[in-house]
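Chain by chain, the residues run as shown.
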Amino acid sequence: MNIKNFDLNLLRVFVMVYRLRSVSLAATAIGLTQPAMSNALRRLREQCNDPLFTRSGRAMEPTALANGLFAPLETALTGIETCFEHVGDFRPASSSRMFHLLMSDVGEMVVLPRLMRALAAVAPGVSIEASRIPLADYAPALRSGQADLAIGNISFLHTGFYQQHLFDDRYFCIARKGHPGLGGKLTLALYLSQQHVVSTAGSTDALVEEALSGRRQRRDVKLTVTHYHRCAAIVLQSDLIATVPGNAVKGMEGLEAYPLPFRMPKARVRQFWHRRAHTDAAHKWLRQLIAGQILE
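Residues numbered from 1 in each chain as written. Predicted model: local features only at pLDDT ≥ 70, side-chain atom pairs only at ≥ 80, totals over all residues. Heavy atoms only, no water.

### A word on the state of the cysteines
Alright, step 1. Under the defined criterion, the tally for this structure stands at 0 disulfides.
Alright, step 2. Between C173, a free cysteine, and C231, which holds the nearest cysteine sulfur, the sulfur-to-sulfur gap is 11 Å.
Alright, step 3. Given the relative accessible area of 0%, C173 is considered buried. (Disulfide = S-S within 2.5 Å. Buried < 20%, exposed > 50% of the residue type's maximum accessible area, 1.4 Å probe, protein only.)

Structure, rendered in structure tokens:
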């Protein structure tokens, strides 16, 4: 037998006739007409080169080959049916799934605490792995399924991706309380006179450079680090200042936040996902849970 040419629909016919020992009862159970069922059984016999069932009185008795085939075929068919029963279905209360999220500092500060509280209440077995990778790797990670969602102020995920706006964040200049060079209103001249620490984690640095280049001005950048939290930690222990999204340092003691002395667009924090996951029930549930916690 060549399995490539085998009609797998005939497996249901075989299993049902074996169980019920009747062609007519099997036809009713499957939902086929009597002629269609007889035709399917004929094709099945031809494929197997065996009668499979022989009439004994009013019952159809299996041959030796049929007896040998039944158990493995029933197991295989049950497995296939189980798989498709759960298509489009996700049960968070009993799930132990781990979701992989790509997140910025702001996403971690705002989204993760609320998300974990919600999971504890409605899906205690679900876990989250939040990670940071180079921005250039976001698209491949989401496309391959290595990551489920990306959350942040991201502007480069377009073709093949969906997005949902979660919240806006404003940028501020931060300095340690009692900074000797600052006090009162922060002017552009005062901002430019200070030494800066910048973060490469998000788009803040590029946006500041763009805003200042329009004025033909530049900062005195003394230190570059990877994340906003490190910026804040260094600012707390030095006279350096930094420009960061407000939510990235929210609640950190010892910092003073100043409105910027120039225009900056708000950070639009969104969740992004690839079209491969758009209709997946588990993904949809997670996206809705995150949006519900943020947009409520």
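### Observations concerning the sheet that holds strand β7 (residues 171-176)
Alright, step 1. Pairing is antiparallel in the open sheet, where 3 strands are placed in the order β10-β7-β11. Of all strands in the sheet, those bounded by a partner on one side alone are β10 (242-245) and β11 (255-259). Along the sheet, successive strands turn relative to each other by an average axial angle of 45°, direction set aside.
Alright, step 2. As defined by bridge partners, β7 adjoins β10 across 4 bridges and the pair is classed as antiparallel. Each bridged residue has a counterpart across the sheet, and for C173 the counterpart in β10 is T243. (Pairing = 2+ DSSP bridges. Helix = DSSP H or I, 4+ residues; strand = E, 2+ residues; numbered from the N terminus. Axes fitted to C-alpha atoms, helices over the stretch in contact; angles between N-to-C directions.)

### Things to note about the packing of helix α1 (residues 10-20) against helix α3 (residues 34-48)
Alright, step 1. For the pair α1 and α3, interaxial distance at closest approach is 10 Å and the crossing angle is 100°. Accordingly, the angle class assigned to the pair α1 and α3 is roughly perpendicular. Residues L10, V13, F14 and V17 of α1 form the contact with α3, whose own contacting residues are M37, A40, L41, R43, L44 and Q47.
Alright, step 2. Here the residues of the contact of α1 with α3 sort into 8 nonpolar, 1 polar and 1 charged. (Parallel < 35°, antiparallel > 145°, perpendicular 65-115°, else oblique. Contact = heavy atoms within 4.5 Å. Nonpolar A, V, L, I, M, F, W, Y, C, P; charged D, E, K, R; others polar.)

Note that all results are geometric; they support no functional claim without further evidence.
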